[in-house]
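# What the coordinates show
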Amino acid sequence: MAELGQKPFPPGRYRLIVVGSGPGGLQVSYSLSRLGVDHAVLSDDPAPGGMFRRWPVFQRMLSWTKPFAGVDHGERAYERYDWNSLLSDDQENRAVMPALMDGTSYFPSRPEMQKGLETFAQRTGIRVRHGCRWESTRRDGKDFVLTTSDGEYRTGVVVFAVGVAHPYRPPIPGLESVPHYGDFRPVETYKDRRVFIVGKQNSGFEIATGLLPFARQLVLASPSPTKLSVLTHTLVGVRARYVQPYEDAALAGGVVILDTTIEEVMKDGAGYRVRTRNAAGRELTVAADDVIAATGFVTPLRDLPALGVATFGQSRLPAQTPFWESATVPGIFFAGTITQGAAGLKKHGIPSNSGAVQGYRYNARVLARHLAETKFDVLATRERMDAETLVPYLLEQVSHGPELWHQRAYLARVIDLDRDAGITNEGIVPLQAFLDSGGGDAVAATLESNGQGNPYPVVYVRNAGSIAEHPMPPHELLDFTGAEYREQLRGLLEPVLSGAASPA
Amino acid sequence: MAVRDDVVNAIAAFSLFADLTGPQLEEVAHLFDESFFGQGERILRQGVSGSGFYIILEGTAGIRVDNVDRSTLKAGDYFGEISCLLGEVPVADIVAETPLRCLVLPAAQLEGFLTAHPRIMYRLLQGEARKLKNTTKWLS
């Protein structure tokens, strides 16, 4: 830690700069340090934690940490059940969260989450220049120049981990003057009021859930129907925690859910009138005492678009390569929830979990290794394997490997099956990079979902330059280590393994 | 990943959605996701399952079969519908020739989407008829 009164990383030139001290910035900084890559971390915030220093507004996380999972908290396999701790290579700094939770819920409170991130940063010695606000960016030859509240920083490689938490309001007349999710007042002030919530995603349903004991009437409205996570089998849709207003509406209580376009929000005395029109052309005007825009968030990229960083979607996410580099400005990388902009294959329409801590913490670790190897000539170690252990190893990974569980069809365990060099564990690699980058004989194992039932392993075998996809059957108890799986995998690998096992 | 608010204006000009009213366009736009592909990036992969139905918003994409480029798709064009409709893996790669912005609908949702919007289904059918005609011409 820095000496009292002395901030680390004064203005100057650094080989690599990370901007942000939320979970994404902390994870990438930790992982870079472990690989011996020097870097500076700058953050506008006074302490680590990012958006979890303020949100969720009802002060309870939507991601769980399951205390009893039949796996020791220090084990890597426990990460599958603990969505909120950052990743450590050392057993003693793993699973920080369960020890900090009060045991009343397996969803940590917001203060517990904040404490967990601060504890991780402190225990692992992550250094951050806090209170240093990134203000603008320009090019100077090969360098990026970041102007901050503390002065100018120069670097050849920069990682932005600045979250996706800047309030967004769609261009609906009148909506610009109503409070956003982030402006939510103390809940008691909504007592006996009619509240109109624009937006039917988790932030809208979180507010609606919190207002159930207070509001007289709740109306939630947006153009397309609500999806529920329990039906999509993914994080797409309203999470079970927030489904109560949906049941209230289904049983015709005090909640109304409308699939409609909001045409205009008009002030009406102390309240509002909201004019709506649905796809069938029916117009409906709703009176409300409060209107709240739960209409999402955008990425605070400041002037990066002017530098050429392409963005897309409502959240204005930067378009990224499979290794989270700007698709249009090389040298600019991203970490944290922004990495949902590197969508990967999105097989069956299912996104990765890169928008959430349990997903992007792995992206950050893969990114750190990628940066170390491609920018700083630091080669991470790769374990040699023998043919005998390959099949059980891969089945163990698809059964218990936390990267594969949290980042389905997105991150893969890749093993090189080189005829000369032998069998090498390449580690965790973005599936898209494996499929599209070419290379020698290799196998990539993932866990995937199609939105209908249990996840199932998929094995991609690259043999003589062409890749074949082999889905394996799902298993009721999610255990893929049994004989039928061993036999199938052995059969799939046989043609390539025979080459790798006997060097020419 | 919801779409950018300018998408409704963009798709209003596409032949596929020529028959829709404003609120219908808005509903449709919200059913799709938006995605972006860098130049040279693959969108569909020959032989890999789990893809979807794509409509190009900006940019161009090439159809590549067995590493041979066949033709180019531009804004308003769509692809992936054949593998969605048949429940089979794509028989071609689709590769971004320029930075490419698309709308995408997962394969499993295409049937419900088309049957709920018969005018879009009719326009899609016209598009398929045009492709068939061109292929027939090319073969003859």
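Residues numbered from 1 in each chain as written. Chains lettered and ligands numbered in written order. Predicted model: local features only at pLDDT ≥ 70, side-chain atom pairs only at ≥ 80, totals over all residues.

### Here's the deal with the overall build of chain A
Check the secondary structure of chain A and you find 11 helices and 23 strands. Computed over C-alpha atoms, the radius of gyration of chain A comes to 24 Å, within 12% of the 23 Å expected from 2.2 N^0.38 for 504 residues, which places it in the range of a compact globule. In terms of principal-axis extent, the alpha carbons of chain A reach across some 85 × 55 × 45 Å. Classification of the 504 residues of chain A by burial places 48% in the buried group. The contacts in chain A between residues at least 6 apart in sequence include a share of 60% that link residues at least 24 apart. (Helix = DSSP H or I, 4+ residues; strand = E, 2+ residues; numbered from the N terminus. Rg over C-alpha atoms; globule rule 2.2 N^0.38 Å. Buried ≥ 20, exposed ≤ 12 C-beta atoms within 10 Å, placed from the backbone. Contact = placed C-beta atoms within 7 Å.)

### Points about the overall build of chain B
When its secondary structure is counted, chain B shows five helices and eight strands. Relative to the globule expectation of 14 Å for 140 residues, the C-alpha radius of gyration of chain B, 15 Å, shows essentially globular dimensions. When contacts within chain B are restricted to residue pairs at least 6 apart in sequence, those whose partners lie at least 24 apart make up 74%.

### Description of the environment of B:Gln39
All names here are of chain B. Within the secondary structure layout, Gln39 lies in the loop between strand E1 (33-37) and strand E2 (42-44). Assessed through the 14 C-beta atoms surrounding it within 10 Å, Gln39 is described here as partly exposed. The residues contacting Gln39, other than those within four sequence positions of it, are Ala96, Thr98 and Pro99.

### Thoughts on the environment of A:His233
All names here are of chain A. Along the chain, His233 turns up in the loop between helix H5 (229-232) and helix H6 (244-250). A C-alpha to C-alpha distance of 29 Å links His233 and Ile292, two positions 59 residues apart in sequence. Leaving out residues up to four positions away in the same chain, His233 has contacts with Ser449, Gly451 and Gln452.

### Let's talk about the sheet that holds strand E3 (residues 52-58) of chain B
Think of a sheet as strands paired side by side through backbone hydrogen bonds, with each pair either parallel or antiparallel. All names here are of chain B. If you trace the four strands from one edge of the open sheet to the other, you get E1-E8-E3-E6, paired in antiparallel fashion. Among the strands making up the open sheet, the edge pair consists of E1 and strand E6 (78-79). As paired strands, E3 and E6 are joined by two bridges and run antiparallel to one another. Residue pairing in the sheet places Tyr54 in a bridge with Phe79 of E6. Its contacts with the sheet place helix H4 (residues 107-116) against E3 and strand E8 (100-106), and it is angled at close to 80° to E8. (Pairing = 2+ DSSP bridges. Axes fitted to C-alpha atoms, helices over the stretch in contact; angles between N-to-C directions.)

### Structural notes on helix H8 (residues 387-400) of chain A
With 14 residues, H8(A) ought to run about 20 Å at 1.5 Å a step, and its terminal C-alpha atoms sit 20 Å apart, in line with that. Taken together, the buried positions of H8(A) are occupied by A:Leu390, A:Val391, A:Leu394, A:Leu395, A:Gln397, A:Val398, A:Ser399 and A:His400. (Expected span 1.5 Å × (residues − 1).)

### Things to note about the sheet that holds strand E11 (residues 271-277) of chain A
Residues and elements named next belong to chain A. What the three strands build is an open sheet, ordered E10-E11-E12; its pairing is antiparallel. At either margin of the open sheet sits one strand with a lone partner, and together these are strand E10 (261-268) and strand E12 (283-288). Between one strand axis and the next, the sheet turns through 20° on average, direction left out of account. Strand direction decides the pairing type here: E11 and E12, joined by six bridges, are antiparallel. The partner of Arg273 across the bridge, within E12, is Ala287.

### Concerning the pairing of strand E1 (residues 12-19) of chain A
Each regular strand shows side chains that alternate between the opposite faces of the sheet. Residue and element names in this part refer to chain A. Taken together, the seven bridges between E1 and strand E5 (residues 151-160) define a ladder with parallel strand orientation. Each residue of the ladder has a partner; that of Tyr14, found in E5, is Thr155. Sheet topology places E1 next to strand E2 (residues 40-42); three bridges connect them, and they run parallel. If you follow Val18 over to E2, its bridge partner there is Val41. In this fold, E1 hands off to helix H1 (residues 23-34), which returns the chain to E2; that crossover is right-handed. (Right-handed = clockwise from strand over helix to strand, strands pointing away.)

### What to know about the packing of H1(A) against helix H3 (residues 110-124) of chain A
For any two helices packed against each other, the geometry comes down to the angle between their axes and how far apart the axes lie. Residue and element names in this part refer to chain A. At a closest axis distance of 11 Å, the pairing of H1 and H3 adopts a crossing angle of 20°. Taken together, the axis directions place H1 and H3 in an arrangement best described as roughly parallel. Note on packing geometry: the crossing formed by H1 with H3 is left-handed. Judged by residue contacts, Pro23, Leu26 and Tyr30 of H1 engage Leu117, Phe120, Ala121 and Thr124 from H3. Of the residues assigned to the contact of H1 with H3, the class counts are six nonpolar, one polar and no charged. (Parallel < 35°, antiparallel > 145°, perpendicular 65-115°, else oblique. Left-handed = near helix turned anticlockwise from the far one by under 90°. Nonpolar A, V, L, I, M, F, W, Y, C, P; charged D, E, K, R; others polar.)

### Some words on the nonpolar core
Within soluble globular proteins, side chains that are nonpolar tend to cluster in buried spots. All names here are of chain A. Among the nonpolar cores identified, the biggest contains 142 residues, and Ile17, Val158 and Val443 are the most heavily contacted of them. Broken down by element, the residue count for this core peaks at nine residues, all from helix H7 (residues 357-375). Membership of the second largest hydrophobic core comes to 30 residues, among which are Val178, Tyr181, Val198 and Leu211. (Core = buried A, V, L, I, M, F, W, Y, C linked by C-beta atoms within 7 Å.)

### Comments concerning unusual backbone geometry
At the junction of A:Trp55 and A:Pro56, the peptide bond is cis and its omega measures out at 5° in the coordinates. Inspection of the secondary structure assignment puts A:Pro56 in the loop between E2 and helix H2 (96-100). The phi torsion at A:Gln59 lies on the positive side, around 65°, for a residue other than glycine. Here A:Gln59 is to be found in the loop between E2 and H2. Of the residues examined, A:Gln59 has 13 C-beta atoms within 10 Å and is grouped as partly exposed. At B:Asn67, a residue that is not glycine, the phi angle is positive and equals roughly 70°. Inspection of the secondary structure assignment puts B:Asn67 in the loop between strand E4 (61-65) and strand E5 (68-73).

### A closer look at H7(A)
Residues and elements named next belong to chain A. The end-to-end C-alpha distance of H7 is 26 Å, a good match for the 27 Å that 19 residues give at a rise of 1.5 Å each. Counted residue by residue, H7 has 16 buried out of 19 residues, so it is predominantly covered. In the stretch just after H7, Asp377 is the one whose phi turns positive, near 55°.

### Observations regarding the domain arrangement of chain A
All names here are of chain A. Looking at the assigned domains, one finds that chain A contains domain 1 (1-48 + 126-168 + 296-380), domain 2 (58-113), domain 3 (169-295) and domain 4 (383-501). Each of domain 1 and domain 4 has a C-alpha centre, and these two points are 30 Å apart. Counting residues at the interface gives 14 residues for domain 1 and 15 residues for domain 4. Considering only residue class, the side of domain 1 that touches domain 4 consists of six nonpolar, seven polar and one charged. (Domains from an automatic or database assignment.)

### What about the pairing of E8(B)?
Residues and elements named next belong to chain B. With six of seven residues buried, E8 lies mostly within the body of the structure. Alignment of E1 against E8, held across five bridges, turns out to be antiparallel. Its bridge partner being in E8, Ser35 is matched across the sheet by Cys102. Here E3 pairs with E8 via six bridges, running antiparallel. The residue of E8 that forms the bridge with Gly52 is Pro106.

### Some points on the confidence of the model for chain B
When pLDDT is averaged across chain B, the result is 92; 99% of the residues are at 70 or more. With pTM at 0.95, the complex prediction returns an ipTM value of 0.93. (pLDDT = per-residue confidence, 0-100.)

### Observations regarding the packing of H1(A) against H7(A)
All names here are of chain A. One way to put it is that H1 packs onto H7 with a least axis distance of 8 Å and a crossing angle of 35°. Between H1 and H7 lies a crossing whose hand is right-handed. Mapping the contact onto sequence places Pro23, Gly24, Gln27, Val28, Ser31 and Leu32 in H1 and Val357, Tyr360, Arg361, Ala364, Arg365, Leu367, Ala368 and Leu371 in H7.

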